[in-house]
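Chain by chain, the residues run as shown.
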Protein chains: 2
Amino acid sequence: MKGESFFSEKIKAALESDPPGSWIPNLPDKCIRLSSGYPDPMLVPVNELKSAVNRLLNEEQDLPLHYSGSPRMGKLQEQIRERLLVRGIAVSGEELLITAGACQAIDLVARIFLDDETVIALESPTYMEALEIFKNYTQHFICIPVDEDGLQTARLEEILEERKQKGLTLPKLLYTIPTFQNPTGVTMSTERRQHVLELAAKYNFLIIEDDAYGELVFEKSPLSLKAMDQEGRVLHIGSLSKVVAPGMRIGWIAGKGEWITALAWFKKDLDHPFAQAAMSVFLETTNFDERLKILKNTYQEKCKVMLSALEQHLPESVSWYVPKGGYFIWIKIPGADTSQLLTQALSAGVSFIPGKYFFLDQNEGTEFLRLSFSYSDKKDMIKGIELLGKVIETNSKR
Amino acid sequence: MKGESFFSEKIKAALESDPPGSWIPNLPDKCIRLSSGYPDPMLVPVNELKSAVNRLLNEEQDLPLHYSGSPRMGKLQEQIRERLLVRGIAVSGEELLITAGACQAIDLVARIFLDDETVIALESPTYMEALEIFKNYTQHFICIPVDEDGLQTARLEEILEERKQKGLTLPKLLYTIPTFQNPTGVTMSTERRQHVLELAAKYNFLIIEDDAYGELVFEKSPLSLKAMDQEGRVLHIGSLSKVVAPGMRIGWIAGKGEWITALAWFKKDLDHPFAQAAMSVFLETTNFDERLKILKNTYQEKCKVMLSALEQHLPESVSWYVPKGGYFIWIKIPGADTSQLLTQALSAGVSFIPGKYFFLDQNEGTEFLRLSFSYSDKKDMIKGIELLGKVIETNSKR
């Protein structure tokens, strides 16, 4: 009996185009992890979350340990709605669904909107997990390049108009990370935000706004697409992974009530009652604005340190965008193959994510790599960039 | 803009055949919950889980609060493998995937094996959440009736042979809960287990064995299908929801390595690192066999109490299977419409699950209802059955 023969046709195709083994190699134990999009370990509120769990279980006993039952699951939803309101996003209780992180939200969106033949527009490059999730549902993508002002909406308009003229299927969804994009760190300008909303209305598509990094702003950032959305075309995805702790797996999606009802219906029991209730206690007992200030200061400082190390240790030919928030710096090394470079970097003791994983056509990503300034401490970070600089130089001399 | 017009065709069909509003009504606050498939609140190890979380965070600090990082995530996998070994199921590390509860495991199985046209065989009645999940992926089902010895494998054989003769598509998967089935409480006999494995080999299908209740055995139960599986055709799904706490969302799936690799690949970031690591500490510090003894004794005693209350308070015409483990008793009330009955029962202060939710063709379920003896305390349970008896009698006189 051949086990593979049982796979569905779609999964066979997905496994062939993108076999599990082709993924980023495991990191050696001693390695400076400039690859990890994790929060700074010092900013993970370990003791506060411990207290939250203790208080929760003392007060509610077994309630949060059942499928549902803790009144704090509903409370968490209210708390998230309050935080969204601060950012200009007003949604009712019927318009917000708590999810197990942003990835579950993206997966649910794919599930309710995508057919095999659905066309979806993506930024290029884009968040690799989102790309992988969408590839489980459709093979029809339109990739729109990104520059330092984010998604190139003029290019998007050209493509849409061309497709319309030719009678080709128009995209049903656009997935975008407008603020401190993963992986490039760039932010879509207000003009382009306005433009993309106009395009959505004109060409009748929905916008999935992934805002996982939106609160980690160093100076200031434009309004979120959802806050500018007059027509109700934006589904706004958020997460506490970057501002509290990813291991708690708390995310959400906000949008029209009819969509939220359908998303909830397909989420079923894939909920996490205990984590939701514990997070609600944490938020109850935390001054979140104060917390955000500390996060911003820390990450802005770490970003500066990384930028200055890049200036110091990387060859002249290497370039990058200067981020205004978030976790990432996107590096271009002309002529490089960053997948090969990674093997050498790992031997030297530093990791990054090769650019190819963020592109639908992986060939487009060979000269790029993503660095994260969020996780490593400053000393390690400087050391890591120094090692990376040496690897790049050695490599370019070959 | 009509929001619904954006839904995928498959979801439109699913929402039409099974609109969210048609689901079981919310329970009033004061209600004896004979509907809830929750563990007994006294058996949820609240203090032990609290200690586990404290110990975990003291020892590992931020590690379990990232996407991955806690060594205990790997440890949990080993601990589950050890528990499976006790039950005659020997699997390697590559053959077991930890999931966010059994539902995620079922959803992942559906995802990697089902195409739109795939035929799947189900017990009738079956676990309603599994039915809902499968309905998101295919509309082609073969429903095999269940009796007091479980799935009627002779009937399954007839159907398979008939389909084969007629050149109809044969099922790719059979989903079964062989031990203490949800909702009927019945257990598949050893002979039928042997038979179904033979049929799987002869007609080339896979068996999804949902074993969520398998450890809650009052006297003894047959070997699991996976333990009897010579050909590697069984995917074994388990869960700690019924024996520890559902809110922790820890389940698993065991099977051929190539399937586990694909399942893991499609699970992506939909993991729960914190809950997994905390559960590992709990298992480390718990005598699980002792715990199981207490669970068995408690549930067996509660089952007896419910059975004797049924004898005492329900009309002669009402019948049920006597379960040998698990959480449920399946009741038949000839001529009743149990959905209507539920409205009256809720007014009277007692809940149950109407039978129709466990059937693909809901019309088949009108005379049945599922009672759970796991959650309510004995006094409430007796009172609840008394109330139910009155509702049934009032209703039959109309």
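Everything numeric in this text was worked out from a predicted model, so none of it was measured.

Calculation rules
- Residues numbered from 1 in each chain as written.
- Chains lettered and ligands numbered in written order.
- Predicted model: local features only at pLDDT ≥ 70, side-chain atom pairs only at ≥ 80, totals over all residues.
- Heavy atoms only, no water.
- Pairing = 2+ DSSP bridges.
- Helix = DSSP H or I, 4+ residues; strand = E, 2+ residues; numbered from the N terminus.
- Contact = heavy atoms within 4.5 Å.
- Buried area = accessible area lost by both parts, 1.4 Å probe.
- Salt bridge = Lys/Arg side-chain N within 4 Å of Asp/Glu carboxyl O.
- Polar contact = N/O pair within 3.5 Å; in protein donor to acceptor, adjacent residues only side chain to side chain.
- Phe/Tyr/Trp six-rings, centres within 6.5 Å; stacked < 30°, edge-to-face > 60°.
- Buried < 20%, exposed > 50% of the residue type's maximum accessible area, 1.4 Å probe, protein only.
- Expected span 1.5 Å × (residues − 1).
- Arc of directions from axis to C-beta.
- pLDDT = per-residue confidence, 0-100.
- Axes fitted to C-alpha atoms, helices over the stretch in contact; angles between N-to-C directions.
- Parallel < 35°, antiparallel > 145°, perpendicular 65-115°, else oblique.
- Left-handed = near helix turned anticlockwise from the far one by under 90°.
- Least-squares fit on C-alpha atoms with pLDDT ≥ 70 in both.
- Lys, Arg positive; Asp, Glu negative; His and termini not counted.

**With respect to the sheet that holds strand β2 (residues 96-99) of chain A**
Residues and elements named next belong to chain A.
Turning to step 1, where the next piece is worked out: Strand order in the open sheet made by the eight strands is β2-β9-β8-β7-β6-β3-β4-β5, with mixed pairing throughout. Lying at the two open borders of the sheet, with one neighbouring strand each, are β2 and β5 (150-151).
Turning to step 2, where the next piece is worked out: Here four bridges tie strand β7 (residues 206-210) to strand β8 (residues 234-239), and the two strands are oriented parallel to one another. From the neighbouring strand, I207 faces β8, where its bridge partner is V234.

**Details of the interface of chain A and chain B**
Turning to step 1, where the next piece is worked out: In this complex, chain A contributes 79 residues to the contact, which on the side of chain B involves 78 residues.
Turning to step 2, where the next piece is worked out: The largest contributions to the chain A side of the interface with chain B come from F6, Y67 and W265 of chain A, which together make up 12% of the buried area.
Turning to step 3, where the next piece is worked out: For the interface between chain A and chain B, the tally reads two salt bridges.
Turning to step 4, where the next piece is worked out: Ionic pairing is found between D107 of chain B and R111 of chain A, a salt bridge with its closest N-O pair at 3.0 Å.
Turning to step 5, where the next piece is worked out: Summed over the shared surface of chain A and chain B, the result is 22 residue pairs in polar contact (both at pLDDT 80 or more).
Turning to step 6, where the next piece is worked out: Those elements giving two or more residues to the side of chain A that touches chain B turn out to be α1 (9-17), α2 (46-60), α4 (101-113), α5 (128-135), α9 (257-267) and α10 (273-284) of chain A.

**Concerning the packing of aromatic side chains**
Turning to step 1, where the next piece is worked out: One pass over the structure, following the stated rule, counts 30 aromatic pairs over all chains.
Turning to step 2, where the next piece is worked out: Judged by centre distance (5.5 Å) and plane angle (70°), the rings of Y213 of chain B and Y327 of chain B are edge-to-face. Note that Y213 of chain B is positioned in the loop between β7 (206-210) and α8 (225-228) and Y327 of chain B in the loop between β10 (319-320) and β11 (328-332), a separation of 114 residues in sequence. Across the pair, Y327 of chain B and Y213 of chain B agree in class, each one buried.
Turning to step 3, where the next piece is worked out: Cluster of aromatic residues (ring-pair linked, three or more members): F6 and F7 of chain A together with F113 and W259 of chain B.

**Side note on helix α3 (residues 71-86) of chain A**
Residues and elements named next belong to chain A.
Turning to step 1, where the next piece is worked out: Taking 1.5 Å per residue as the helical rise, α3 with its 16 residues ought to reach 22 Å, and the 24 Å between its terminal C-alpha atoms agrees with that figure.
Turning to step 2, where the next piece is worked out: Taken as a whole, α3 has its buried residues at R72, M73, L76, Q77, Q79, I80, R83 and L84. Across the axial projection of α3, the buried residues extend over an arc of 160°, all falling on one side. Turned more than 90 degrees off the buried face of α3, the exposed positions are P71, E82 and L85.
Turning to step 3, where the next piece is worked out: Tucked inside the fold, the buried residues of α3 contact α2, β2, β8, β9 (251-254), α10 and α11 (288-313).
Turning to step 4, where the next piece is worked out: The N-cap of α3, judged by a side-chain oxygen 3.0 Å from the amide nitrogen of R72 a few residues on, is S70.

**A few points about the environment of T261 of chain A**
Residue and element names in this part refer to chain A.
Turning to step 1, where the next piece is worked out: By the secondary structure assignment, T261 is in helix α9.
Turning to step 2, where the next piece is worked out: What makes T261 partly exposed here is its relative accessible area of 41%.
Turning to step 3, where the next piece is worked out: Separated by 187 residues in sequence, T261 and G74 have C-alpha atoms that sit 15 Å apart.
Turning to step 4, where the next piece is worked out: From its side chain, T261 meets the backbone oxygen of G257 in a polar contact 2.8 Å long.

**Thoughts on the pattern of salt bridges**
Residue and element names in this part refer to chain A.
Turning to step 1, where the next piece is worked out: According to the stated counting rule, one finds 42 salt bridges over all chains in the structure shown.
Turning to step 2, where the next piece is worked out: A salt bridge links E9 to K12; the shortest N-O distance between them is 3.4 Å. A residue pair is termed a helical-turn pair when its members lie 3 or 4 positions apart in one helix, as E9 and K12 do in helix α1 at three residues.
Turning to step 3, where the next piece is worked out: Via salt bridges that share partners, R55, E59, E60, R72, K75 and E284 belong to a single interconnected network.

**So, the confidence of the model for chain A**
Turning to step 1, where the next piece is worked out: Of the residues in chain A, 98% have a pLDDT of 70 or more, and the chain-wide mean is 94.
Turning to step 2, where the next piece is worked out: In the model output, the complex is listed with pTM 0.93 alongside ipTM 0.92.

**Some thoughts on the packing of helix α2 (residues 46-60) of chain B against helix α10 (residues 273-284) of chain B**
All names here are of chain B.
Turning to step 1, where the next piece is worked out: Where α2 contacts α10, the axes come no closer than 8 Å and their chain directions differ by 110°. In terms of their interaxial angle, α2 and α10 are classed as roughly perpendicular. Our pair here, α2 against α10, has a crossing hand that is right-handed. Taking contact as the criterion, the partners of E48, L49, A52, V53, R55, L56 and L57 in α2 are, on α10, F274, A277, A278, V281, F282 and E284.

**Brief notes about α10 of chain B**
Turning to step 1, where the next piece is worked out: Relative to the 16 Å expected for 12 residues at 1.5 Å per residue, α10 of chain B spans 17 Å between its end C-alpha atoms, a close match to the ideal helical length.
Turning to step 2, where the next piece is worked out: Of all 12 residues in α10 of chain B, 11 are buried; the element is thus mostly enclosed.

**Topic: the sheet that holds strand β9 (residues 251-254) of chain B**
Residues and elements named next belong to chain B.
Turning to step 1, where the next piece is worked out: In spatial order, the strands read β2-β9-β8-β7-β6-β3-β4-β5; together these eight strands make up an open sheet with mixed pairing. Each edge of the open sheet is held by one strand with a lone partner, namely β2 (96-99) and β5 (150-151).
Turning to step 2, where the next piece is worked out: Pairing analysis gives three bridges linking strand β3 (residues 119-124) to strand β6 (residues 173-176), with the strands arranged parallel. Looking at the pairing, I120 lines up with L173 of β6.
Turning to step 3, where the next piece is worked out: Of the strands in this sheet, β4 (140-147), β5, β6, β7 and β8 (234-239) are in contact with helix α7 (residues 190-203), which crosses β7 at around 145°.
Turning to step 4, where the next piece is worked out: Relative to the sheet, helix α9 (residues 257-267) contacts β2, β7, β8 and β9, its axis offset from that of β2 by approximately 25°.

**Description of unusual backbone geometry**
Turning to step 1, where the next piece is worked out: In this structure, P125 of chain A follows S124 of chain A across a cis peptide bond, with omega equal to 5°.
Turning to step 2, where the next piece is worked out: Topologically, P125 of chain A is positioned in the loop between β3 (119-124) and α5.
Turning to step 3, where the next piece is worked out: Each neighbour pair has its own omega, and for N182 of chain B with P183 of chain B the value is 15°, a cis peptide bond.
Turning to step 4, where the next piece is worked out: Within the secondary structure, P183 of chain B sits in the loop between β6 and α7.
Turning to step 5, where the next piece is worked out: Phi is positive for R249 of chain A, close to 50°, though the residue is something other than glycine.

**A word on the pairing of β8 of chain A**
When a strand is regular, its side chains alternate between the sheet's two faces.
Residues and elements named next belong to chain A.
Turning to step 1, where the next piece is worked out: When you tally the buried positions in β8, you get six out of six residues, the bulk of the element.
Turning to step 2, where the next piece is worked out: Covered by surrounding structure in β8 are V234, H236 and G238 together with L235, I237 and S239, the residues of both alternating faces.
Turning to step 3, where the next piece is worked out: When β8 meets β9, the two strands line up antiparallel, connected through four bridges. By the bridge assignment for β9, I237 is matched with I253.

**Section: the relation of the copies chain A and chain B**
Turning to step 1, where the next piece is worked out: Between chain A and chain B, the superposition needs a rotation of 180° and an axial shift of 0.0 Å, giving an RMSD of 0.0 Å. On the angle and the small slide along the axis, the relation comes out as a two-fold axis.
Turning to step 2, where the next piece is worked out: The residues that chain A uses at the interface reappear at the interface of chain B in 99% of cases, marking a shared surface.

**Let's talk about the pairing of strand β11 (residues 328-332) of chain A**
Residue and element names in this part refer to chain A.
Turning to step 1, where the next piece is worked out: Of all the five residues making up β11, four are buried; the element is thus mostly covered by neighbouring parts of the structure.
Turning to step 2, where the next piece is worked out: Relative to β11, strand β10 (residues 319-320) runs antiparallel, the two sharing two bridges. Counterpart to S319 in the pairing with β11 is K332.
Turning to step 3, where the next piece is worked out: In this structure, β11 lies alongside strand β14 (residues 368-372), joined through five bridges in antiparallel fashion. The residue of β14 that forms the bridge with W330 is R370.

**Topic: the side chain of D210 of chain B**
Residues and elements named next belong to chain B.
Turning to step 1, where the next piece is worked out: Take D210: it is sitting in strand β7.
Turning to step 2, where the next piece is worked out: No salt bridge forms around the buried D210; measuring N to O, its nearest opposite-charge neighbour K242 is 9.0 Å away.
Turning to step 3, where the next piece is worked out: Separated by 2.5 Å, the side chains of D210 and Y175 make a polar contact.
Turning to step 4, where the next piece is worked out: The contact partners of D210, leaving out residues within four places of it in the chain, are I106, Y127, Y175, T176, I177, P178 and I237.

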